[in-house]
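The primary structure of each chain is shown beneath.
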Amino acid sequence: MLPVPGDLPVGSAWSYEVDWAGVRLLADVDEGVLTLCTADGEDVTARFPEFAGLVDAVADGLLDGEAVMLDGGSPSADALGERLGVADPRRARDLARERPAVFMVYDVVRLYGVPLDPRPLEERRAVLARLDLSRATRIQISPAYDDGPALLAGVVDQRLSGVIAKRRGTPYRSGDSGGDWVRVDPSRAEARPPAPESTHALEPAQVPAPARRPRHARRERTPQHDTLF
């Protein structure tokens, strides 16, 4: 789903996330093989080798999110552009060791052969929260918030790119969201008091450093379908 630009919608019908200003990726794990594609369908798997550990956490699934490069705790468009421009897989691996990206996951479209796109947003998010993504380095779930104005104030305070508002109860659709996802630019925010401490959880500097795991340490996982759906 592609968000449309607009003003911040307010009310209990909406949930809110940070706009990480990364490159949109669909991460498809099929029989232990990971494929990363952009929204335009370009295969960029070799450019983000630090996300390979996703297969340790999800044996079969399709996740939606963004690859983000951080510079001083804030997303860096320049660093991301450099990574996307790398054609040599060995150079990409070197860059991943020197300056790893983070995959911020915010939706799950398929899991263990079960299509989740018809299910409402909050149900998909609940399934996503039950995945043990901590088993994969450089993978995080993008937090969701109930208070849109407070989150927008925090985004303005931390000079992040904006907020994505998502209408609860909606299915996942390919292409335009039809207004069910709204991208809110900080310039649309009115002057507000400093964000409350509860919004500090969105601080990008808290993204953990990647842990090195030898290839032979990869663990198998049997999915527990009855606890996931």
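Residues numbered from 1 in each chain as written. Predicted model: local features only at pLDDT ≥ 70, side-chain atom pairs only at ≥ 80, totals over all residues. Heavy atoms only, no water.

Chemist: Provide a residue-level description of the overall build of the protein chain, including the pertinent values.
Modeler: From N to C terminus, the protein chain includes six helices and 12 strands. Evaluated residue by residue, the protein chain yields a buried proportion of 47% over its 229 residues. Of the contacts made within the protein chain by residues no fewer than 6 positions apart, 74% connect residues no fewer than 24 positions apart. (Helix = DSSP H or I, 4+ residues; strand = E, 2+ residues; numbered from the N terminus. Buried < 20%, exposed > 50% of the residue type's maximum accessible area, 1.4 Å probe, protein only. Contact = heavy atoms within 4.5 Å.)

Chemist: Tell me what's going on with the pairing of strand S5 (residues 61-68), and back it up with residues and numbers.
Modeler: Successive side chains on a regular strand alternate, one facing one side of the sheet and the next facing the other. The element S5 is extensively covered by neighbouring structure, given that eight of its eight residues are classed as buried. In this sheet, S5 lies alongside strand S3 (residues 23-30) in antiparallel orientation, the contact comprising seven bridges. Each residue of the ladder has a partner; that of Arg24, found in S5, is Glu66. Across eight bridges, S5 lies against strand S8 (residues 102-111) in antiparallel orientation. Bridge pairing links Gly65 to Val105 in S8. (Pairing = 2+ DSSP bridges.)

Chemist: Please set out the environment of Ser74 residue by residue, giving values where relevant.
Modeler: Considering the arrangement of structural elements, one finds Ser74 in strand S7 (residues 74-75). For the pair Ser74 and Arg159, spaced 85 residues apart in sequence, the C-alpha separation works out to 8.2 Å. Here Ser74 is in contact with Met69 and Gln158, once residues within four sequence places are set aside.

Chemist: Before we move on, could you go through the sheet that holds strand S2 (residues 14-18) and cite the residues and values that matter?
Modeler: One key point about sheets: their strands pair by backbone hydrogen bonds, in either a parallel or an antiparallel sense. Spatially, the four strands line up as an open sheet ordered S1-S12-S11-S2, and their pairing is mixed. Each edge of the open sheet carries a strand with a single partner, namely strand S1 (4-5) and S2. Here S1 pairs with strand S12 (residues 181-184) via two bridges, running parallel. Note on S12: the bridge partner recorded for Val4 is Val182.

Chemist: Could you give me a rundown of the confidence of the model for the protein chain, with the residues and numbers involved?
Modeler: Counting all residues, the mean pLDDT for the protein chain is 81, and 82% of those residues have values of 70 or more. Confidence drops under a pLDDT of 50 for residues 191-229, and excluding neighbours within four residues, the segment shows 66 contacts in the predicted structure. (pLDDT = per-residue confidence, 0-100.)

Chemist: A description of the nonpolar core should follow, citing residues and the corresponding values.
Modeler: The biggest cluster of nonpolar side chains holds 31 residues, and the ones touching the most others in it are Phe48, Phe51 and Leu54. When residues of this core are traced back to their parent elements, those giving at least two are S3, strand S4 (33-38), helix H1 (54-57), S5, helix H2 (77-84), S8 and helix H4 (121-130). Discounting residues that sit within four places of it in the chain, Phe51 has contacts with Leu25, Leu34, Leu36, Ala67, Ala101, Val102, Phe103, Arg138 and Ile139. In this structure, Trp14, Val163, Ala165 and Val184 belong to the second largest nonpolar core, which totals 17 residues. (Core = buried A, V, L, I, M, F, W, Y, C linked by side-chain atoms within 4.5 Å.)

Chemist: Got a sec to walk through H2? Specific residues and values, please.
Modeler: Buried within H2 we find Ala79, Leu80 and Arg83. The arc that holds the buried residues of H2, viewed along the axis, is 100°, so those residues lie on one side. Residues of H2 that are exposed and point over 90 degrees away from its buried face: Ala77 and Asp78. Contact partners of the buried residues in H2: S3, S5 and helix H3 (89-98). (Arc of directions from axis to C-beta.)

Chemist: Explain the pairing of S8 to me, and be specific about the residues and the numbers.
Modeler: Among the 10 residues in S8, 10 count as buried, and that is most of the element. Inspection of the sheet shows S8 paired to strand S10 (residues 139-141) by three bridges, in the parallel sense. Bridge pairing in S10 places Val105 opposite Ile141. When S8 meets strand S9 (residues 114-115), the two strands line up antiparallel, connected through two bridges. Directly across from Leu111, in S9, lies its bridge partner Val114.

Chemist: Give me the lowdown on H3, citing residues and values where you can.
Modeler: One full turn of an α-helix is made of 3.6 residues, so residues set three or four places apart face in the same direction. Looking at H3, one finds that the buried residues are Ala92, Leu95 and Ala96. Considered in projection along H3, the buried side chains sweep an arc of 105° and stay on one side of the axis. Facing away from the buried side of H3, by more than 90 degrees, are the exposed residues Arg90, Arg97 and Glu98. Those residues of H3 hidden inside the fold are in contact with H2. At the N-terminal boundary of H3, the capping side chain belongs to Asp88, with an oxygen 3.1 Å from the backbone nitrogen of Arg90. (Polar contact = N/O pair within 3.5 Å; in protein donor to acceptor, adjacent residues only side chain to side chain.)

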